[in-house]
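An overview of the molecular structure
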Amino acid sequence: MKLCTFQIPGNGGALAGEVRGDHVVAFNDGSTVVERLRSADRTPAAGDAFALDEVELLAPYVPRTIFGVGLNYREHAVEQGAELPEEPVVFLKQPGSAAPPGGPVRCPQVVRRLDYEGELAVAMGADGRIGGYAVADDVSARDLQRREQHWTRAKGADTFCPFGPWVTTADEVPDAEDLALRTWVNGELRQDARTSDLLFSIAELIEFISATIRLEPGDLILTGTPSGVGMALDPRRFLVPGDIVRIEIERLGAIEHGIVAA
Ligand code: MG
């Protein structure tokens, strides 16, 4: 089941529902995406149906907590000139960084080195189980990331976590650790990898985080980015207003967002 939150342009509030083919069908029981992740209820939506291209997809939900994982692909650690980590490098992105799959991502005035990180996102269900998966951009301000000891501003800025386009429930993705992941900037392919290259598996990440933090339904774990970020290109190429970032993961769909000046 593909869980989404959407609105009808010019017609009011957010609705939760299910994407079925080229339509989105609203839940008529008032349930939200997080409630569906918690309950494991996969009863098909039975409310009003809308053409997918006539609705605006919002962030699937605002997570209680967004975890990021640094250096979780070998080639990305190499391109960053970093040692391979012996344990997962876990950080937080603030919930307010959650943004719609279509963006926009707003570049703060103080940021000069804005970069993308295409990533597989894990949405938690109940009792530490995986509820589903989505595509995310772990947008990063490389200048702040280098300069500041903690990545709170560099990674957690407003709109720095577009994700979606929906959450595909785990029962539909038996092979989450063997999916093609690709990122384009303005149509140019920048990242091309498979999630089978993760250094720490999804189960290992969940176990590591759960050692000190109880994971709740809807908590989002961004599992790390493969090689090909703008910072590692020669010459370096950072995002500027007007750029379009597209990230696609097999089975999960694609997100595509523009960059605008804040
Ligand atoms: Mg990342």
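Data block above holds the structure.
Below, the structure is looked at part by part. Please read all numbers here as calculations on a predicted model, not as lab measurements.

Observations regarding the sheet that holds strand S19 (residues 253-261)
The sheet built from five strands is open, its strands ordered S9-S19-S18-S15-S16 with mixed pairing. Whereas interior strands pair on both sides, the edge strands pair on one side only; in this sheet they are strand S9 (105-107) and strand S16 (188-194). Strand-to-strand twist of the sheet, defined as the mean angle between neighbouring strand axes without regard to direction, takes the value 20°. With three bridges joining them, S9 and S19 adopt parallel strand pairing. Residue Arg106 lies in a different strand from S19, and its bridge partner there is Val260.

Focus on the environment of Val135
Along the chain, Val135 turns up in strand S12 (residues 130-137). Put simply, Val135 and Ala211 are 76 residues apart on the chain and 25 Å apart in space, counted from C-alpha to C-alpha.

Observations concerning the side chain of Glu18
Tracing the backbone shows Glu18 in strand S2 (residues 15-20). Take Glu18: its relative accessible area is 8%, and that puts it in the buried class. In this structure Glu18 touches Met1, Lys2, His23, Val24, Val25, Phe27, Pro44 and Ala45, once residues within four positions along its chain are discounted.

What about the nonpolar core?
Judged by nonpolar contacts, the single largest core of 39 residues is most densely connected at Leu114, Tyr133, Ile202, Ile221 and Leu252. Put simply, the parts of the chain that give this core at least two residues each are strand S6 (66-70), S9, strand S11 (118-124), S12, strand S15 (180-185), helix H5 (202-210), strand S18 (244-249) and S19. Of all the elements, H5 adds the most residues to this core, at four residues. Sequence-distant contacts of Ile221, that is, excluding residues within four places in its chain, are made with Phe67, Val69, Leu120, Ala121, Val122, Met124, Ile206, Ile209 and Leu215.

A closer look at the state of the cysteines
Counted according to the given criterion, the structure contains zero disulfides. In this structure Cys4 is a free cysteine whose sulfur lies 17 Å from that of Cys161, the closest cysteine sulfur available. What makes Cys4 buried here is its relative accessible area of 0%. Cysteine Cys161 remains unbridged, with the sulfur of Cys107 as its closest cysteine sulfur at 16 Å. By relative accessible area, which is 0% here, Cys161 ends up buried.

Calculation criteria
Residues numbered from 1 in each chain as written. Predicted model: local features only at pLDDT ≥ 70, side-chain atom pairs only at ≥ 80, totals over all residues. Heavy atoms only, no water. Pairing = 2+ DSSP bridges. Helix = DSSP H or I, 4+ residues; strand = E, 2+ residues; numbered from the N terminus. Axes fitted to C-alpha atoms, helices over the stretch in contact; angles between N-to-C directions. Buried < 20%, exposed > 50% of the residue type's maximum accessible area, 1.4 Å probe, protein only. Contact = heavy atoms within 4.5 Å. Core = buried A, V, L, I, M, F, W, Y, C linked by side-chain atoms within 4.5 Å. Disulfide = S-S within 2.5 Å.

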